[in-house]
Amino acid sequence: MSHIQELIPPRPAPAIADKPLNISRIVGIGVITLWLLLAAGLIFAMIEGWDWAKFERYGPRYIDGLITTITLVGSSIILGAVLSVPIAFARMSKNRVLGALAYAYVYVFRSTPLLAQLFLIYYGLGSFRPQLETVGLWWFFREAWYCGLLSLTLNTAAYQAEILRGAIRSVPLGQHEGAASLGISKFITFRKIILPQALIVALRPYGNEIILMIKGSAVVSIVTVFDLMGQTRYAFSRTFDYQAYLWAAIFYLTIVETLRHVWAWLEARLTRHLKR
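Once a new chain begins, its residue numbering starts again from 1 and follows that chain's sequence as written. At least 70 in pLDDT is required for a residue's local features to be given in this predicted model, at least 80 for side-chain atom pairs to be given and counted, and no such filter applies to totals for whole chains, interfaces and linings, which use all residues. The side-chain numbers reported here are obtained from all heavy atoms of the structure, hydrogens and water having been left aside.

To continue, consider the packing of aromatic side chains. The aromatic pairing rule takes the rings of Phe, Tyr and Trp, using the six-membered ring of Trp, and pairs them if the centres are within 6.5 Å, calling planes under 30 degrees apart stacked, those over 60 edge-to-face and the rest tilted. This model, assessed by the stated rule, comprises 16 aromatic pairs. Centroid distance Tyr-62 to Phe-251: 5.9 Å. Interplanar angle 15 degrees. Geometry classified as stacked. Of this pair, Tyr-62 sits in helix H2 (residues 52-92) while Phe-251 sits in helix H11 (residues 243-270), and the two are 189 residues apart along the sequence. Buried, partly exposed and exposed residues are distinguished by accessible area as a fraction of the type maximum, computed with a 1.4 Å probe on protein chains only: under 20%, between the cut-offs, and over 50%, respectively. Classification of Tyr-62 as buried rests on a relative accessible area of 1%. Centroid distance Trp-139 to Phe-140: 5.7 Å. Interplanar angle 90 degrees. Geometry classified as edge-to-face. Given a relative accessible area of 47%, Trp-139 falls into the partly exposed group. Each helix is a run of H or I in the DSSP string that is no shorter than four residues. Each strand is a run of E no shorter than two, and both are numbered from the N terminus.

Structure below.
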């Protein structure tokens, strides 16, 4: 029986090989340097040309536009989530008629631009004023804000339906079979076993959809809704100062970054039991 007389002396870590400077690295460094110089130039120009008079005059309008944007996007996301549930179940239904109708809805609203959908609702349905007055719906379609809300809701419902459907389909079939073998009803199986797992899968796509809706909601400014972009267009039409759009970009960036960090915290909180 043998035993160790001497320990193997520690060896130094392998030397890190120097990466040669090739064309791709040179191009990458050049592009990053260009972007940094551009960002520095914008910051310098903004500081140099800062006008407190304009900020005091149009700042409250930006805050009002920000509130309008958050209200519009938040309402459309909630209404779209409610509408997406029956659409997702219709897509998964074995009934061919329901499946075809749900597929057509999702296909149309995911394949056409949001701006075109907004124009069709605001200008297209607005041309049927006598008919809408007859059924008592003209009060809704004559307001640009309501038309914007409807277009955003219908658009996000199509995307949320596909997110929900994909998340439910991602749960292994064995989960259904295991619950059935224990005598658990399908409703309880879906509510307590399938849905919680599906929502964890869908959490990040839902966050991406909300971010896209925040940025996409700027199109409603074209139909005279004074959201954040609408107030920006108003400020620019009075001042012809490019910083009006720079302020709007900063506001949008702040909203997205705040939402991104909140969503990351929420995801970490809900998936803490999955980490080892």
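Let's shift gears to a nonpolar patch on the surface. Side chains of Ile-23, Val-27, Val-31, Trp-35, Leu-38, Leu-42 and Tyr-242 sit close together on the surface and give an oily, nonpolar patch of about 730 Å² of accessible area. Among the structural elements, Val-31 can be located in helix H1 (residues 23-48). Among the residues examined, Val-31 registers a relative accessible area of 40% and is labelled partly exposed. Patches were defined on residues exceeding 30% relative accessible area and lacking a salt bridge, with like-charge contacts within 9 Å and nonpolar side-chain contacts (Val, Leu, Ile, Met, Phe, Trp, Tyr) within 5 Å. The Shrake-Rupley method, run with a 1.4 Å probe sphere, supplies the accessible areas, and residue values consider only the shown protein chains as cover. Should a side-chain nitrogen of Lys or Arg be within 4 Å of a carboxyl oxygen of Asp or Glu, the pair is scored as a salt bridge.

In this section: helix H10 (residues 228-239). One less than the residue count of a helix, multiplied by 1.5 Å, gives the span that helix is expected to have. In this model, H10 (twelve residues) spans 16 Å end to end at C-alpha, consistent with the 16 Å of a helix rising 1.5 Å per residue. Of the residues making up H10, those classed as buried are Leu-228, Met-229, Gly-230, Gln-231, Thr-232 and Ala-235. Here, residues are in contact when the closest pair of their heavy atoms is within 4.5 Å. Buried residues belonging to H10 abut H2 and H11. The positive-phi residue at the C-terminal boundary of H10 is Phe-240, with phi of around 55 degrees.

For the rest of this paragraph, the subject is the pattern of salt bridges. Summed over the entire model, instances satisfying the criterion amount to eight salt bridges. Between Lys-54 and Asp-241 there is a salt bridge whose closest N-O contact spans 3.2 Å. With a gap of 187 residues between them, Lys-54 in helix H2 and Asp-241 in the loop between H10 and H11 connect regions that are remote in the sequence. Its relative accessible area of 14% is what places Asp-241 among the buried residues. The partner of Glu-267 in a salt bridge is Arg-204, with the nearest N and O atoms 2.9 Å apart.

Attention shifts here to the packing of H2 against H11. Orientation of H2 relative to H11, taken along the N-to-C sense of each, is 40 degrees, at an axis distance of 12 Å. In terms of axis orientation, H2 runs oblique to H11. As H2 runs across H11, the sense of the crossing is right-handed. Judged by residue contacts, Lys-54, Phe-55, Tyr-62, Ile-63 and Leu-66 of H2 engage Ala-244, Trp-247, Ala-248, Phe-251 and Ile-255 from H11. Polar here means any residue other than Ala, Val, Leu, Ile, Met, Phe, Trp, Tyr, Cys and Pro, which are nonpolar, and Asp, Glu, Lys and Arg, which are charged; Gly is therefore polar. The class makeup of the residues in the contact of H2 with H11 is nine nonpolar, no polar and one charged. Lines fitted to C-alpha atoms define the axes here, with helix axes fitted over just the stretch in contact, and angles between the N-to-C directions of these axes take values from 0 to 180 degrees. Geometric relationships in this document are graded by angle, where less than 35 degrees denotes roughly parallel, more than 145 denotes roughly antiparallel, 65 to 115 denotes roughly perpendicular, and other angles denote oblique. Should the near helix be turned counterclockwise from the far one by less than a right angle, the crossing is left-handed, whereas a clockwise turn marks it as right-handed.

By themselves, these observations are geometric and do not establish any function.
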